[in-house]
Structure formats: C-alpha cells, structure tokens
Amino acid sequence: MADPILKMRLANVMGLDSATPQHNIALEEALHGIAHPEEFIEFCRSRRAGIEFVSKVERLDILASQFKSEHTRSKVAQSFSDALAAKVKQARTVVKNALSEGVAAPFSSVRKEGERYFSVKELKALAAVGSPYTIIELSERGKLADEIKKAFEAAERKALGQKRDAAALAARSVKKF
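Residues numbered from 1 in each chain as written. Predicted model: local features only at pLDDT ≥ 70, side-chain atom pairs only at ≥ 80, totals over all residues. Heavy atoms only, no water.

*Asks:* Hey, could you run me through the pattern of salt bridges in this one?
*Replies:* It is possible for side chains bearing opposite charge to pair when their charged atoms get close. Under the criterion given, the structure shown has nine salt bridges. Residue Glu38 is joined to Arg9 by a salt bridge in which the shortest nitrogen-to-oxygen separation is 2.8 Å. Here the residue Glu38 occupies a position in helix H3 (residues 37-47), and Arg9 occupies one in helix H1 (residues 4-14), the gap between them amounting to 29 residues. For Arg9, a relative accessible area of 30% puts it in the partly exposed group. (Salt bridge = Lys/Arg side-chain N within 4 Å of Asp/Glu carboxyl O. Helix = DSSP H or I, 4+ residues; strand = E, 2+ residues; numbered from the N terminus. Buried < 20%, exposed > 50% of the residue type's maximum accessible area, 1.4 Å probe, protein only.)

*Asks:* Would you mind showing me how to read helix H2 (residues 21-31) here?
*Replies:* The periodicity of an α-helix, 3.6 residues per turn, causes residues three or four positions apart to be oriented the same way. Every buried residue of H2 is listed here: His23, Ala26, Leu27, Ala30 and Leu31. In a view along the axis of H2, the buried residues occupy a sector of 125 degrees, so they form one face of it. Exposed and oriented more than 90 degrees from the buried face of H2 are Pro21, Gln22 and Glu29. Elements in contact with the buried residues of H2: H1, H3 and helix H4 (56-100). Backbone geometry just after H2 places Gly33 at a positive phi near 85 degrees. (Arc of directions from axis to C-beta. Contact = heavy atoms within 4.5 Å.)

*Asks:* Help me understand the side chain of His23 in this model?
*Replies:* Mapped onto the elements of the fold, His23 is located in helix H2. When its relative accessible area of 17% is taken as the criterion, His23 is described as buried. Only 3.0 Å separates the side chain of His23 from the backbone nitrogen of Asp17, close enough to count as a polar contact. Non-local contacts of His23, meaning those with residues more than four positions away in its chain, are made with Leu16, Asp17 and Val57. (Polar contact = N/O pair within 3.5 Å; in protein donor to acceptor, adjacent residues only side chain to side chain.)

*Asks:* Just checking my understanding: could you explain the nonpolar core for this structure?
*Replies:* Nonpolar side chains tend toward joint burial in soluble globular proteins. Counting residues in hydrophobic clusters, the biggest one holds 22 residues, and the most contacted among them are Leu84, Val88, Phe107, Phe118, Leu126, Leu144 and Ile148. When contributions to this core are tallied by element, the ones reaching two or more residues are H4, helix H5 (120-129), helix H6 (132-141) and helix H7 (144-176). A total of seven residues in this core trace back to one element, the largest contributor, which is H4. For Leu126, the contacting residues outside a window of four places in its chain are Leu84, Val88, Phe107, Phe118, Ile135 and Ile148. Of all hydrophobic cores here, the second largest spans 21 residues; its members include Ala30, Phe43, Val57 and Phe67. (Core = buried A, V, L, I, M, F, W, Y, C linked by side-chain atoms within 4.5 Å.)

Following this line, the structure appears as structure tokens:
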C-alpha cells in the first residue's frame, strides 16, 4: 500500500479525490512498482497538461505507463551502453592499429572469427558519440558508457518529439472538423 501522503500529493497534482474509491484505486495502481515516487509526482506535474481528451483517471494511468516505460528504457540504455563500452575496451588496441594504418572505418573493420565484431546498431551508437579518436579517448578515460547513454537518450527524445509533433498536428486537424 502506498504512503498516504504521497497518494495525497499525487491526487492534488492530478486533480483527483483520494476519498473516492475509483480515484483511490487509480492512485494505488499508479504508484505500484515505482521506486522513486517523488520523481513520478514531478513527472506527472510536468506532463499532465499535454494529455487531453481523457478523464483524470485515464490521464494518471497514461502518465504512470509512460514513467514506468521511460525507466525501463533507461535501464536498457545503461545495459547496452555498458556492454558496448566493454566491447570497445576489448577491441581498442586493434582499432588504434587500424587508425595508425589509415583505415577509414576502424570500428567497422574489426573482425572476430571472420564476422564483424560490432553490429550495425553498435556502429551507429558509436558514430553518434563522435569520431574514432573521441571514442578511444572516452574509452581510455572510462567515460564511454556515459556518452553512449547520453547519445541514446538524445536520439530517443528526438524521436519522441517527432511523435508529439505529429500527434499535435493530428489533434489540430481533428479540432477543425
């Protein structure tokens, strides 16, 4: 059962009445599984106005789903970033040698047992971070995983912004009719 004060704060932010059974259940469900309820309340405060044409309970449910989804994506991004940084660390010497020999795409040229060592997705993530020299430098300083995660999150924000722009355009078109 969620902390009554947190439930009351969330109810206030979302315009719900925690004494109403339906609202109380919605508040409980929204807070269920959220490790950082303070962050969730701020998340709701900042995004509640962007969701229209639904009831307050539905709005809370949508925001809870978005918040939980974002945290899941953040964990996936961290895991991917850590694994890719470890691969770069293992291949760093080979990449440095390729750079010194003038190979144009040193990460693409790394092979293990005849197969590409880095997948296309990994190569795109590395390209988003910067040049091969930048990647090597970040790897040597132990900061590559953080930079990969930042690039991943920036790309995700850009994609989300494009989705919101499309949704806003559609909503304006619907209002005209």
